[in-house]
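Overview (structure and organization)
Listed here are the chains, written in short residue letters.
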Amino acid sequence: MDFTINTGGQAGQGIDTIGDLISQVFVKTGFYVHVLKDFESRIRGGYNSNQIRVSDSPVYAASDKVDLIIAMTKDAIVEQRSRLTEGGVIIFDEGIEFDELESCHLSTPLEKTAKEVGGSTRMTNAAALGAALAVLQFPFKLVENALTDKFERKGKKVVASNVAVAKALYDLTTEQFSGTCSQNLSSIKKGPSKDLLFINGNRALALGAMASNLKWISAYPMSPSTQVFQDIVSQAYKLNIGTLQAEDELSAITMGLGASFAGARAFVTTSGGGFSLMVEALGLAAITETPIVIYNAQRPGPATGLPTRTEQSDLLFMAHASQGEFPRILLAPKDPVEGFEVATRAFNLADKFQVPVMILGDQYYADSMMNIPRFDVTGVSMDRGLIAADGPDPEYLRYKLTKDGVSPRAFPGDAGKTVVHSGNVHLESGHITENPDLRNAMVEKLMKKVPHILKTLNPPTIYGTKIADITLLTWGSTWGSVYEAVNLLNAEGVSINQLHFCDVYPLRTSTLKTVFKKAKKIVAVEQNATSQFARLVRMETGLGVDYHINKYDGRQMTARWVMTQLKEAGMV
Amino acid sequence: MITVEELEGKQAITWCTGCGNFGILAALKKAVIELGVPRHEILLVSGIGCSSKAPHYINLNMFHTLHGRAIPVATGAHLVNPDLKVIVNTGDGDGLGEGFSHYIHAARRNVNLAVFIHNNGVMGLTKGQFSPAAQRGYVSNTSPPPPGAPMWPINPVALAIAGGATYVARGFSGNQKDLVTLMVEAVQHRGFAVVDILQPCVTWNRKLTWKFYNERAYSLQEEGHDTTNKMLALEKSFEFGDRIPVGLFYRSELPDLASGLALPKDSRLRDHETDRALLQQVVNDLTL
Ligand SMILES: Cc1ncc(C[n+]2csc(CCOP(=O)(O)OP(=O)(O)O)c2C)c(N)n1
Ligand code: SF4
Ligand SMILES: [Mg+2]
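Worth saying up front: this structure is predicted, and the values here are computed from it rather than measured.

**Structural notes on the sheet that holds strand β13 (residues 356–362) of chain A**
All names here are of chain A. If you trace the 7 strands from one edge of the open sheet to the other, you get β9-β8-β10-β11-β13-β12-β19, paired in mixed fashion. Each having just a single partner strand, β9 (242–245) and β19 (503–505) make up the two edges of the open sheet. Pairs of neighbouring strands in the sheet enclose a mean axial angle of 20°, with direction left out of account. Strand direction decides the pairing type here: strand β8 (residues 216–219) and β9, joined by 4 bridges, are parallel. Looking at the pairing, Ala219 lines up with Gln245 of β9. Docked against the sheet, helix α11 (residues 272–288) engages β10 (266–270), β11 (292–298) and β13, running at close to 160° with respect to β11.

Right under this line is the structure:
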């Protein structure tokens, strides 16, 4: 069983609320759920939707077919029509004037029932839920349980009214709906789910950062990153975290550097435009060896681009941002599970190597939700790296030259030590120098860290058979769609696998080299126009891919889309 | 107590002979001693310019940052360790040009920093171009006559008062005694404290010279100025002609930024460990 429900309408109509309700019903009854958020950069009007994919086996990406549509506006009825599967149904309120009725249309009194039975049009959500689940012949008892859980905190009366509204529409639809939906859930056997989180990539990162003993975050709001900052601010008093909305992104990151310099783990969150403003400070972090973790939730650029859409087009920018040369680490989590883990690693890597660590998400990663096992934050280990021994040391040198380039940190306020940081080329003491030999020594100090970083980073993962005729090369959030495409193609008998990178920079090359030798064709699949990761691979290894698949319309690729591209190119 | 010897800088001074920065450095050393706090509890943060090199010439914790960015770096350091006395050394190009938005927002936040503006009316380190505080008509390679600099100078005192700073003063590099007092008070003040320091640049600025200031500077306090009256302070801040007021313009007590953040009560963020059990509860509450 694998089907998709789409709830669509205008911004401000509660599309997310209906989406959440429906998703939660399925999560709570033990299904695997993946939700794609598709919205415009506006507060009212337009067309927004939640696309909810439900399956009895794990799902990793959105699908491009829809089986059931709940439409709150006429646009929403029309918008998704071409994606409706045969036997699919479109539910909408009878108040929407729509003449071109087809057999897949189900016009029903959502608002009227909400008002009459529940006493408020705000319960239209519950009405839509009732209608949708009746069409799917989903047992009402399960709907009732889910509504009870959802509204329990608001009191018995709210629960009762919502259940009554849902029930009214459920019964009415069961009675009136003469068509048959392609999906029939009357005999589902899934048990209740336990210990599952139903979250998106942003929230996973926020939790990972807090689990890593994050003590400072400064940011300036920018979609699609803002939720990370908000999530952390919302826990600040409970956990004692310093949080500040800065006047701009350069202020945000330099505050972060001040905080890190003084001894706290610091985090800044933004999207590409904000990161552009941060760039000079990235170099300051690098030359002063001040650890910092930066999250860029990418969106299509340049400039304002498409604020609420997705793209993987900042990779090379982030790999090369700032004047000068220095080590940095780039990590691109594929989904919320990996996002939590990446966050915890990012802080440890930043402290261990005293370098900037950048997490590359994108709007798809940031906003898409899925159910995943509950995180265990008590098990997160913290490595603050090399810290100078306690006690007075008048000879303390912040930039002491060492074998691996990492010098023990001390913090201003440590009794008996003087800590000197300078963005100028400096002596071991931190004071300015223009001596060419020391310049060389300090450049080499930074670059020495790279081989150690490479040893610590995770190698890429091969999904599917170890060797295949075709290898799809991916990184970050496109993993799920491509993974599903590989599975579907394998089932068709195609020899194809996937080589996927989370730790994208510095680039680990040994697996890459083996795969390039063994596969007949390597195809780069990226959510950008210029195959930035493939270019990075060529830059670092001299190896070029055989074919490129690129999507840059701001909408995440799906498995079907990837398969179509491969088929049209005659690759499979 | 800190001794003068302990403060002896580790780096040879690169300023021009006769530069007003020497007076500021001397006053800073005296002020640090007068503060009477342990040496490791003081932090100097600077931007970029002749002025921003000052921290290298006094043996204290320091962060020589980027052009214009000293204030946010100082803000972050202060908030994770409020025990530190954080002092910002900035130039007029640094703090009032490149970093101006940080200046005004820091004032609005009343963040507990002491900002010393080494105000020489030029961009010294880049060879004398007109700075935000340059007089109208100042001639330089980027402001040829006529008319020289085609705009009026920024007024850091007025802007600090209007912006919400709670300690606003003007010092003069040539008046050590008062400058030390203002510096000590600025550091001890809880909130955003600014001392705009008149600092002759003997190499580039032919107008704002030692002589110019010596002839015009007068003490606000000696004339009995009411430092609690914001409007009066603002009015005084526009006096810059035959007579130039020096001293404390305005002081008030308002909650500082730290008091409005989720900082730990009994420790500092730099040493604080998040209670993972509490966080696990947050995670558990998210489960369905
Ligand atoms: C981003 C950036 N832009 C420009 C410069 C070049 N620069 C260095 S110092 C300076 C001006 C300094 O003026 P001010 O702050 O008044 O310091 P002063 O030298 O007069 O003390 C400039 C423009 C720089 N270092 N960084
Ligand atoms: S250029 Fe001016 S400000 Fe810079 S050191 Fe020389 S006299 Fe001082
Ligand atoms: Mg200057």
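Continuing now.
**A closer look at empty space enclosed by the protein**
Left-over empty space is what a probe sized like a water molecule reveals as it rolls over the atoms. All names here are of chain A. Scanning the model with the defined rule gives 4 cavities of 30 Å³ or more in all. If you add up the space inside the largest cavity, you get close to 80 Å³. In this structure, the largest cavity is lined by His34, Tyr60, Lys334, Asp335, Pro336, Tyr364, Tyr365, Ser368, Met370, Ser477 and Gly480.

**Let's talk about the coordination of the magnesium ion (ligand 3)**
Residues and elements named next belong to chain B. Coordination of the magnesium ion (ligand 3) by the protein comes from Asp92 (OD), Asn120 (OD1) and Val122 (O), over a distance range of 2.1 to 2.2 Å. The sequence pattern formed by the donor residues of the magnesium ion (ligand 3) is D-x27-N-x1-V. In this pair, Asp92 sits in helix α4 (residues 92–98) while Val122 sits in strand β5 (residues 122–123), placing the two residues 30 residues apart along the sequence. For the residue pair Asp92 and Val122, the accessibility class agrees, reading buried in each case.

**Focus: the site of ligand 2**
The local shell around ligand 2 consists of Trp15, Cys16, Cys19, Cys50, Asn120, Gln199, Cys201, Val202, Thr203 and Trp204 of chain B. Taken together, the residues of the shell around ligand 2 break down into 7 nonpolar, 3 polar and no charged.

**Here we look at the layout of surface pockets**
Residues and elements named next belong to chain A. Roughly 1300 Å³ of volume is contained in the largest pocket. Lining the largest pocket are 45 residues, and of these Asp16, Asp20, Lys37, Arg203 and Met369 sit closest to its centre. Residue contributions to the lining of the largest pocket peak at 5 residues, all from helix α1 (residues 15–28). Across the lining of the largest pocket, the residue classes break down as 12 nonpolar, 18 polar and 15 charged. Looking at the lining of the largest pocket, you find at least three residues from each of domain 1 (2–194) and domain 2 (199–379).

**Thoughts on the domain arrangement of chain A**
All names here are of chain A. Segmenting chain A into domains produces domain 1 (2–194), domain 2 (199–379), domain 3 (386–457) and domain 4 (461–568). Taking the mean C-alpha position of each, domain 1 and domain 2 sit 34 Å from one another. Facing the 16 residues of domain 1 at the interface are 10 residues of domain 2. Of the roughly 1100 Å² buried between domain 1 and domain 2, counting both surfaces, carbon and sulfur atoms make up 50%. Our count for the domain 1 to domain 2 interface comes out at 1 salt bridge. Of the charged contacts, one joins Asp38 and Arg309 as a salt bridge, the two residues approaching to 3.2 Å between their closest N and O atoms. In this structure, the connection of domain 1 to domain 2 is made through 9 residue pairs in polar contact (both at pLDDT 80 or more). When residues in the side of domain 1 that touches domain 2 are grouped by element, the largest group, 7 residues, is from strand β2 (residues 32–38).

**Section: the packing of aromatic side chains**
Ring pairs (aromatic) are described by centroid distance and by the angle formed between their planes. Summed over the entire model, instances satisfying the criterion amount to 23 aromatic pairs over all chains. Ring plane angle 50° and centroid distance 5.9 Å describe the contact between Phe172 of chain B and Trp210 of chain B, whose orientation is recorded as tilted. Pair noted here: Phe172 of chain B is in strand β7 (residues 167–172) and Trp210 of chain B is in helix α8 (residues 210–216), with a separation of 38 residues, a long-range link. Plain terms: the ring middles of Phe212 of chain B and Tyr213 of chain B are 5.4 Å apart, the flat faces sit at 80° to each other, and that makes the pair edge-to-face. Both residues of the pair, Phe212 of chain B and Tyr213 of chain B, count as buried. Following the ring pairs from residue to residue traces out a cluster consisting of Phe3, Phe26, Phe31 and Phe138 of chain A.

**Details of the pairing of strand β14 (residues 369–373) of chain A**
Residue and element names in this part refer to chain A. Counting buried positions along β14 gives 4 out of 5 residues, so the element sits mostly inside the fold. Relative to β14, β2 is paired through 2 bridges, and the arrangement is antiparallel. Pairing of Val35 across the sheet is with Met369, part of β14. Where strand β7 (residues 196–200) lies against β14, 5 bridges are found, and the strand directions are antiparallel. Across the sheet, the residue bridging to Ile199 is Met370, located in β14.

**Quick word on the pairing of β13 of chain A**
Consecutive residues of a regular strand have side chains that alternate between opposite faces of the sheet. Residue and element names in this part refer to chain A. Across the 7 residues of β13, 7 count as buried, placing the element largely inside the fold. Residues of β13 alternate between two faces, with Pro356, Met358, Leu360 and Asp362 on one and Val357, Ile359 and Gly361 on the opposite face, all of them buried. Handedness of the β-α-β unit built from strand β12 (residues 329–331), helix α13 (residues 336–353) and β13 comes out right-handed.

About the cut-offs
Note on numbering: residues in each chain are counted from 1, in written sequence order. For this description, chains carry letters from A and ligands carry numbers from 1, given in the order in which they are written. The predicted origin of the model limits local features to residues at a pLDDT of at least 70 and limits the giving and counting of side-chain atom pairs to 80 or more, whereas totals for whole chains, interfaces and linings rest on all residues. Calculation of side-chain values draws on the structure's entire complement of heavy atoms; hydrogens and water are dropped beforehand. Pairing between strands requires that DSSP locate at least two bridges from one strand to the other. In this description a helix means any DSSP run of H or I spanning at least four residues, a strand means any run of E spanning at least two, and both kinds are numbered starting from the N terminus. Comment: axis = line fitted to C-alpha atoms, over the contacting stretch for helices; angle = value between 0 and 180 degrees taken between N-to-C directions. For this analysis, residues touch if any pair of their heavy atoms sits within 4.5 Å. The definitions used throughout rest on a 1 Å grid laid over the protein atoms alone, on which a cavity is an enclosed set of points accommodating a 1.4 Å probe that cannot get out and a pocket is an open set flanked by protein within 12 Å on both sides along at least five of seven lines; lining residues are those having an atom within 4 Å of a point. Grid points are joined across faces, edges and corners, and a volume is the space filled by probe spheres set on the points. A donor here means an N, O or S atom no more than 2.8 Å from the metal, or no more than 3.2 Å when the metal is Na, K or Ca. Since water is not included, a site may seem to lack partners. Residue burial is assigned from relative accessible area. The probe radius is 1.4 Å, only protein chains are included, and a residue is buried under 20% of its type maximum, exposed over 50%, and partly exposed in between. Being near a molecule or strand, for a residue, comes down to having at least one heavy atom within 4 Å of it. Following the grouping adopted for this structure description, the nonpolar residues are Ala, Val, Leu, Ile, Met, Phe, Trp, Tyr, Cys and Pro, the charged ones are Asp, Glu, Lys and Arg, and the polar ones are all others, Gly among them. Domain start and stop positions are those given by an automatic or database domain assignment. Using a 1.4 Å probe, buried area is obtained as the accessible area two parts lose upon being combined, added over both of them. A carboxyl oxygen of Asp or Glu within 4 Å of a side-chain nitrogen of Lys or Arg is what we treat as a salt bridge. We call two N or O atoms a polar contact when they sit within 3.5 Å, provided that within protein one can donate a hydrogen and the other can accept it, with sequence-adjacent residues counted only if both atoms are side-chain atoms. A pair of Phe, Tyr and Trp rings is counted when the ring centres sit within 6.5 Å of each other, with Trp represented by its six-membered ring. The angle between the planes then sorts it: under 30 degrees is stacked, over 60 is edge-to-face, the rest tilted. Call a crossover right-handed when, viewed with both strands pointing away from you, the route from the first strand across the helix to the second goes clockwise.

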